[in-house]
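Letter by letter, the chains look like this.
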Amino acid sequence: MTYRIATIPGDGIGVDVTAEAVKVIDAVLPGVSWTEFDWSCEQYLRTGAMMPEDGPQLLSRFDAILLGAVGFPGVPDHISLWGLLIPLRRAFGQYVNLRPVRLLPGTESALRDRTAADLDILIVRENSEGEYSEIGGIHNPGRPEEFVLQESVFTRAGCERIVRYAFERARERGRKVCSATKSNGLIHSMPYWDSVFERIAAEYPDVRTRQMHVDALAAEIVLHPDRLDVIVGSNLFGDILSDLAAAVTGGLGLAPSGNINPNRDAPSMFEAVHGSAPDIAGQGVANPVAQILAGSMMLDHLGERAAAAAIDRAVCEVLADNSIRTPDLGGTSTTTELGNAITKRAADLV
């Protein structure tokens, strides 16, 4: 089967690592039809928009989207986020942000004496509402009584579907779900989130559950990660916890993610968790593993499980070999050298 996949390399090292991911995917799944879009902060500086008004319409005809990273000095982060990522996530019903974090072979955790068996967590982040809302504003600007309102949105449908998705994933893994909450401080939204979690949990008596305040859960990721399997959280909590978890399992350069439309009536979008790191862009030192693993997640979502597994295994074997690694992993190899090694190994495995 031939797939039509859109790439948005974006800014900084997004361009560097996306090129490597495309190369690896081509090695395991020949015949993919790629179309590249140059939507980025550079385009914003040139045109005043991160993407054209009909951007979602242009992307709707593709089977999936491989996104690099966006962000560049001189363009505020909220411009790049709200000008590209969030509109696409919402236009395509990508209400799941799936972030697997694990300790890969040949890498070391920031935590002492932790092994791969201790560090394998799937974070399910709500991706379409919650704290990331446009409702609010600055009132009485410039006056002593100036104030800001930022509203959160928690709908019954939005909470139910993300919690249920987490339970379904838990049934495929260790049958444990932990909900991130803060119901002792957020008097309306989090008690409501908790009530939805409890109601959905009753439908899954075979899955063990916990509810933890997000600050305590952050500590649990550091102190007892082996007790965790699937974590489900709101947009903000899931975002923060997944970066923390990635940091303790070797760094953001190893962490992929997927913006998933579970209904499959629009394309899903896959990206590395890390940012654009413009300070090292074009220097050939960026770690491409996170973006390559995002490509593996994309193929798995498309049903190409053998090709996805070949990429995942190739990454693990090359890292375990310990001879080719980028500076962030303590080596001297270039982005291309690591990408080439993974490409060659993946091609041998299919």
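Residues numbered from 1 in each chain as written. Predicted model: local features only at pLDDT ≥ 70, side-chain atom pairs only at ≥ 80, totals over all residues. Heavy atoms only, no water.

Per an unreviewed UniProt entry, the protein chain goes by D-malate dehydrogenase (decarboxylating) and derives from Nocardia terpenica. Checking UniProt for the protein chain, the heading Sequence similarities (unreviewed entry) contains the comment "Belongs to the isocitrate and isopropylmalate dehydrogenases family." According to the UniProt record, the Catalytic activity (unreviewed entry) comment for the protein chain reads "(R)-malate + NAD(+) = pyruvate + CO2 + NADH". (UniProt positions renumbered as here; feature names shortened; annotations may be inferred.)

Asks: Sorry if this is basic, but what is going on with the packing of aromatic side chains here?
Replies: The geometry of an aromatic ring pair comes down to the distance between the two centres and the angle between the two planes. On inspection of all chains with the given rule, the structure shows five aromatic pairs. Here Phe154 and Trp193 contribute two aromatic rings whose centre-to-centre distance is 6.4 Å and whose plane-to-plane angle is 85°, an arrangement assigned as edge-to-face. In this pair, Phe154 is assigned in the loop between strand E7 (147–150) and helix H5 (156–172) and Trp193 in helix H6 (residues 189–201), connecting sequence segments 39 residues apart. You can call Phe154 buried: its relative accessible area is 17%. The class for Trp193 is buried, based on a relative accessible area of 0%. Three or more aromatic residues link up through ring pairs in this structure, and these residues are Phe37, Trp39 and Phe62. Against the face of Tyr95 rests Arg161, its NZ or CZ located 4.1 Å from the ring centre. Over the ring of Tyr165 we find Arg169; its NZ or CZ atom is 4.6 Å from the centre of that ring. (Phe/Tyr/Trp six-rings, centres within 6.5 Å; stacked < 30°, edge-to-face > 60°. Helix = DSSP H or I, 4+ residues; strand = E, 2+ residues; numbered from the N terminus. Buried < 20%, exposed > 50% of the residue type's maximum accessible area, 1.4 Å probe, protein only. Lys NZ or Arg CZ within 6 Å of the ring centre and 35° of its normal.)

Asks: Looking at this structure, I do not really get the nonpolar core. What am I missing?
Replies: The tendency in soluble globular proteins is for nonpolar side chains to be buried as a group. Among the nonpolar cores identified, the biggest contains 82 residues, and Val124, Phe167, Val289, Leu299 and Ile342 are the most heavily contacted of them. By residue number, the principal contributor to this core is helix H10 (residues 305–321), which donates nine residues. When residues of this core are assigned to domains, at least three map to each of domain 1 (1–99 + 251–349) and domain 2 (109–249). Setting aside residues up to four positions removed in sequence, Leu299 forms contacts with Ile25, Val28, Leu29, Glu304, Arg305, Ala307, Ala308 and Ile311. Residues Cys41, Phe62, Leu67 and Phe92 belong to the second largest nonpolar core, which totals 18 residues. (Core = buried A, V, L, I, M, F, W, Y, C linked by side-chain atoms within 4.5 Å. Domains from an automatic or database assignment. Contact = heavy atoms within 4.5 Å.)

Asks: Would you mind showing me how to read the domain arrangement of the protein chain here?
Replies: You'll often see interface size given as the accessible area lost when the parts meet. Considered domain by domain, the protein chain is made up of domain 1 (1–99 + 251–349) and domain 2 (109–249). Of note, the centres of domain 1 and domain 2, computed from C-alpha atoms alone, are 24 Å apart. Contacts between the two partners involve 18 residues from domain 1, matched on the other side by 21 residues from domain 2. Both sides of the domain 1 and domain 2 interface together cover about 1,600 Å² of buried area, and 55% of this is carbon and sulfur. For domain 1, the biggest contributors to the area lost against domain 2 are Arg90, Tyr95 and Arg99; these three give 42% of the whole. Taken together, the connections running from domain 1 to domain 2 amount to two salt bridges. Among the ionic pairs, Arg99 bridges to Asp239, the shortest N-O distance being 3.3 Å. Counting only elements with at least two residues in the side of domain 1 that touches domain 2, the list comes to helix H4 (77–91), strand E4 (96–102) and strand E11 (256–260). (Buried area = accessible area lost by both parts, 1.4 Å probe. Salt bridge = Lys/Arg side-chain N within 4 Å of Asp/Glu carboxyl O.)

Asks: What is the right way to look at the side chain of Glu160 in this model?
Replies: With respect to the helices and strands, the residue Glu160 is situated in helix H5. What makes Glu160 buried here is its relative accessible area of 17%. Reaching out from Glu160, the side chain makes a polar contact with the side chain of Arg156 at a distance of 2.9 Å. Not counting the four nearest positions on each side in its chain, Glu160 is found in contact with Val196, Arg199 and Ile200. (Polar contact = N/O pair within 3.5 Å; in protein donor to acceptor, adjacent residues only side chain to side chain.)

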